[in-house]
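Report on the structure
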Amino acid sequence: MKYAIIGTGAIGGYYGGKLANAGFDVHFLLHSDYDYVRQHGIQVNSCNGDFHLDAPNIYNNVEEMPKVDVVIVALKSTNNHLLRQLLAPLLNPGTLVLMIQNGIGIEPDVEKLFPDAWLAAGLAFICSNKTRPGIVDHLFYGNINIGNYSAPKPVIDTLIADFDKAGVKAFDVDYLEARWKKAVWNMPFNGMSVVLNAQTDQLLADASTRTLIKAQMMEVVMAANALGVENIDEAFADKMIANTDAMVPYSPSMKLDHDYHRPMEVYYLYTRPIQEAASAGVDMPLLKDLEQKLLKIIGG
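Note that the coordinates shown come from a computational prediction; the quantities given were computed from them, not determined experimentally.

**Focus: helix α12 (residues 285-299)**
Here α12 contains 15 residues, and its C-alpha end-to-end distance of 21 Å stays within 8% of the 21 Å for a straight helix at 1.5 Å per residue. Among all positions in α12, only Leu287, Leu290, Glu291 and Leu294 are buried. In a view along the axis of α12, the buried residues occupy a sector of 105 degrees, so they form one face of it. Facing away from the buried side of α12 by more than 90 degrees, the exposed set consists of Lys296 and Gly299. Elements that come into contact with the buried residues of α12 comprise α6 (175-195), α8 (207-226), α10 (253-259) and α11 (266-279).

Below, the structure written as structure tokens:
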């Protein structure tokens, strides 16, 4: 399949880079580092083995890109107001749009813009940063769960097979289960890393903060269960904490956004899931408090 990467940062640069390095036809949309990549290519420094793309297919104008079979959207959700103009030139009938973004409610909102597009959620379990032009630092993990929202199953099967050929472990999972499982980690760790100005290891090393994070996770678990999502329970929350203990010290994406003075993804990470939980009769007081602290930081 032919791929377009919209958002060639820590996530799009890694997964798109893996596909391109494996020989797939991949087209990258770049913005600030277009000139650098045109001269130097894309470098991925990975815990699983470094690689370099000498002459990737790059563009700084989406209108110049070809129509593709799969669009991987790895923009921050704060830029989703741009999707109407970014996606339209790339779509054929039957193009799959894979939304590798954090949060709840993303695909239903994209469906309103493109009701005929095939949509899926990409839930990346990865520690990856991009703090320099054209260079992605992949630190840990790297699997991706694919939650099918509206695509025919054979298309999802082909996508997973392509990821497998590229050396990325990908799994076909239930859509809502995938979104809410990612929220179990994202909602506590992203916001807490900003409010306390701490990396993951520092958050878990403090006993009181560790207890609070577990309690925040359980609010997500209760919300998911009330919404009918299966396979999310306390044992899963404990597993997420254990997995984070095993990680290298890591700054979640929201902390990097805050540190580099970029917009933070509060709406889809906090406001929307809190609203969804309330619709099912579940209050999330700890996460609502975290949301308000983040909004206060944004407001200055």
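From this point on, the discussion continues.
**A look at empty space enclosed by the protein**
This model, assessed by the stated rule, comprises two cavities of 30 Å³ or more. Roughly 50 Å³ of volume is contained in the largest cavity. Gly103, Ile104, Arg179, Lys182, Ala183, Asn186, Met187, Tyr268, Leu269 and Pro273 together form the lining of the largest cavity. Sorting the residues of the lining of the largest cavity by element identifies α6 and α11 as the ones contributing at least two each. No other element matches the five residues that α6 contributes to the lining of the largest cavity. Its residues assigned to classes, the lining of the largest cavity shows six nonpolar, two polar and two charged. In this model, the second largest cavity occupies a volume close to 40 Å³. Taken together, Thr8, Gly9, Gly13, Leu30, Asp33, Val37, Ile42, Lys130, Gly134 and Val136 make up the full set of residues lining the second largest cavity. Class assignment of the residues belonging to the lining of the second largest cavity gives a composition of four nonpolar, four polar and two charged.

Quick notes on the rules
Residues numbered from 1 in each chain as written. Predicted model: local features only at pLDDT ≥ 70, side-chain atom pairs only at ≥ 80, totals over all residues. Heavy atoms only, no water. Helix = DSSP H or I, 4+ residues; strand = E, 2+ residues; numbered from the N terminus. Expected span 1.5 Å × (residues − 1). Buried < 20%, exposed > 50% of the residue type's maximum accessible area, 1.4 Å probe, protein only. Arc of directions from axis to C-beta. Contact = heavy atoms within 4.5 Å. 1 Å grid on protein atoms, 1.4 Å probe; cavity = no way out; pocket = protein on both sides within 12 Å on 5 of 7 lines; lining within 4 Å. Points joined across faces, edges and corners; volume = space filled by probe spheres on them. Nonpolar A, V, L, I, M, F, W, Y, C, P; charged D, E, K, R; others polar.

These results come straight from atomic positions and should not be treated as a statement about function.
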